[in-house]
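Secondary and tertiary structure notes
Residues per chain, in single letters:
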Amino acid sequence: MNPSMRRPLVAANWKMHLVRAEARTFCRTLVGELGAPPAEVVVFPSFPLIDSVVDGLAGMPVAVGGQDLHPRASGAHTGDVSAQQLADAGCTWVLCGHSERRADHAEDDALVAAKAHAARAADLVPLICVGETGEQRKAGKTFAVLERQLAAVLGSEHGELDRFDLAYEPVWAIGTGETATPEIAQEAHAFIRSELARRLGDERGESIRIAYGGSVKPANAASLGAAPDIDGFLVGGASLDAESFSGIIAACGART
Ligand code: PEP
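Predicted, not measured: the structure shown is a model, and the values here were computed from it.

Examining the overall build of the chain
When its secondary structure is counted, the chain shows 11 helices and eight strands. Taking 18 Å as the expected radius of gyration for a compact globule of 256 residues, we find that the chain reaches 17 Å, a close match to that expectation. When contacts within the chain are restricted to residue pairs at least 6 apart in sequence, those whose partners lie at least 24 apart make up 74%. Accessible surface for the chain amounts to roughly 11,000 Å². Of this, 51% is attributable to carbon and sulfur atoms.

Topic: the packing of helix 5 (residues 109-121) against helix 7 (residues 142-154)
Angle between the axes and distance between the axes are the two parameters that describe a pair of packed helices. Axis separation between helix 5 and helix 7 bottoms out at 8 Å; the angle between their running directions is 40 degrees. One finds that helix 5 runs oblique with respect to helix 7. Handedness of the crossing formed by helix 5 with helix 7: right-handed. Contacts between helix 5 and helix 7 pair Asp109, Val112, Ala113 and His117 from the former with Arg148, Gln149, Ala152 and Val153 from the latter.

Details of the site of the ligand
Surveying the vicinity of the ligand reveals 14 residues, the closest of which are Lys15, Glu169, Gly175, Ser215 and Gly236. The contact in question runs from an oxygen atom of the ligand to an N or O atom on the side chain of Glu169, over 2.7 Å. Here an oxygen atom of the ligand and a backbone polar atom of Gly236 are 2.8 Å apart. Relative to its unbound accessible area of 290 Å², the ligand is 96% covered by the protein chains.

Notes on the nonpolar core
In this structure, Tyr212, Phe233 and Phe245 are the most contacted members of the largest nonpolar core, which totals 66 residues. Among the elements that take part in this core, helix 8 (residues 182-200) stands out by supplying six residues, more than any other. Apart from the residues within four sequence positions on either side, Phe233 is in contact with Leu9, Val10, Ala11, Ala211, Tyr212, Val216, Ala221, Leu224, Gly225, Ile248 and Cys252. Of all hydrophobic cores here, the second largest spans 12 residues; its members include Val42, Leu95, Cys129 and Leu234.

A word on the packing of aromatic side chains
By convention here, two paired aromatic rings are described through the distance between centres and the angle between planes. Under the definition given, this model contains four aromatic pairs. Ring centres of Trp14 and Phe26 lie 4.7 Å apart, and the angle between their planes is 80 degrees; on these two criteria the pair is classed as edge-to-face. Note that Trp14 is positioned in the loop between strand 1 (9-13) and helix 1 (20-34) and Phe26 in helix 1, a separation of 12 residues in sequence. The two residues Trp14 and Phe26 agree in class, both being buried. Here Phe26 and Phe245 contribute two aromatic rings whose centre-to-centre distance is 6.2 Å and whose plane-to-plane angle is 40 degrees, an arrangement assigned as tilted. With Phe26 in helix 1 and Phe245 in helix 11 (residues 242-251), the pair connects residues that are 219 residues apart, well separated along the chain. We classify Phe245 as buried; its relative accessible area is 0%. Grouped by ring-pair contacts, the aromatic residues Trp14, Phe26 and Phe245 constitute a single cluster.

A short note on the sheet that holds strand 4 (residues 93-96)
Picture the strands of a sheet paired through backbone hydrogen bonds; they go either parallel or antiparallel. Strand order in the closed barrel formed by eight strands is 1-2-3-4-5-6-7-8, and the pairing between neighbours is parallel. On average, adjacent strands in this sheet sit at an angle of 25 degrees to one another, irrespective of strand direction. The pairing of strand 6 (residues 165-168) with strand 7 (residues 210-213) spans three bridges and is parallel. Residue pairing for strand 7: Leu166 is matched across the bridge by Ile210. Where helix 8 meets the sheet, it contacts strand 5 (125-130), strand 6 and strand 7, and its direction lies at approximately 150 degrees from that of strand 7.

Conventions we followed
Residues numbered from 1 in each chain as written. Predicted model: local features only at pLDDT ≥ 70, side-chain atom pairs only at ≥ 80, totals over all residues. Heavy atoms only, no water. Helix = DSSP H or I, 4+ residues; strand = E, 2+ residues; numbered from the N terminus. Rg over C-alpha atoms; globule rule 2.2 N^0.38 Å. Contact = heavy atoms within 4.5 Å. Areas by Shrake-Rupley, 256 points an atom, 1.4 Å probe, with all protein chains shown as cover. Axes fitted to C-alpha atoms, helices over the stretch in contact; angles between N-to-C directions. Parallel < 35°, antiparallel > 145°, perpendicular 65-115°, else oblique. Left-handed = near helix turned anticlockwise from the far one by under 90°. Near = heavy atom within 4 Å. Polar contact = N/O pair within 3.5 Å; in protein donor to acceptor, adjacent residues only side chain to side chain. Core = buried A, V, L, I, M, F, W, Y, C linked by side-chain atoms within 4.5 Å. Buried < 20%, exposed > 50% of the residue type's maximum accessible area, 1.4 Å probe, protein only. Phe/Tyr/Trp six-rings, centres within 6.5 Å; stacked < 30°, edge-to-face > 60°. Pairing = 2+ DSSP bridges.

Nothing here speaks to function; it is all geometry.
Okay, here's the thing in structure tokens:
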């Protein structure tokens with residue numbers, strides 16, 4: 001990547017893990033490990049942990065985000081959370097379209113786009129996840145899937161998103177221990193970059209970060225991060241441990 005243009009982004013997706021005492025321990029350890037991070041850092045805890053994480057990381061160069069949001073600003077939507085509520089709780093980011101949301105809650109591309117726009121309405125930065133399943137990859141449909149997922153968020157009826165970043169997360173690599181090779185990941189990232197440039201213009205396309213997600217660990221972060229279009233990581237399992245998460249952040253400092 002070109003460090004002068006895109007500061008790497010390293011994000012922790014805790015999914016439905018940890019309780020408050022564990023979250024506080026994580027924050028204490030991260031505060032001790034972090035120093036001046038060579039990346040923008042975000043932690044995405046589940047909703048009941050947001051308060052503890054916002055408190056635990058106060059004053060640190062680490063942002064906090066929600067793992068999901070409802071596309072509407074408020075209303076009768078039991079169990080859902082709005083962008084405004086996330087912002088009010090201290091979040092500045094939100095995940096949109098994680099493959100587990102797409103699979104577990106049948107979220108389609110249009111809903112993901114609506115959520116991303118709802119995020120911007122409350123000044124949250126959406127980290128929009130895209131990626132193909134193993135079956136789609138085997139069938140040679142990777143680029144078609146990415147094109148469709150991107151088309152929904154880039155060309156939606158809601159107009160142009162003024163700010164967002166992307167995470168390329170091949171579903172077959174999430175939580176499986178099977179990481180995409182840097183070559184496979186770079187190929188997908190380069191395709192995504194070309195779609196961004198085609199739809200938004202070269203300058204804007206170059207400015208949007210594309211993080212990689214899928215079984216990233218301290219041991220594979222540096223080689224993945226050396227690829228020119230990989231601008232950081234969205235980390236699941238390895239982000240639950242503050243030391244391993246710090247190791248992944250530190251790996252971003254190796255790229256020049
Ligand atoms: C994720 O949940 O976004 C993810 C990439 O998980 P893991 O790192 O565990 O594969």
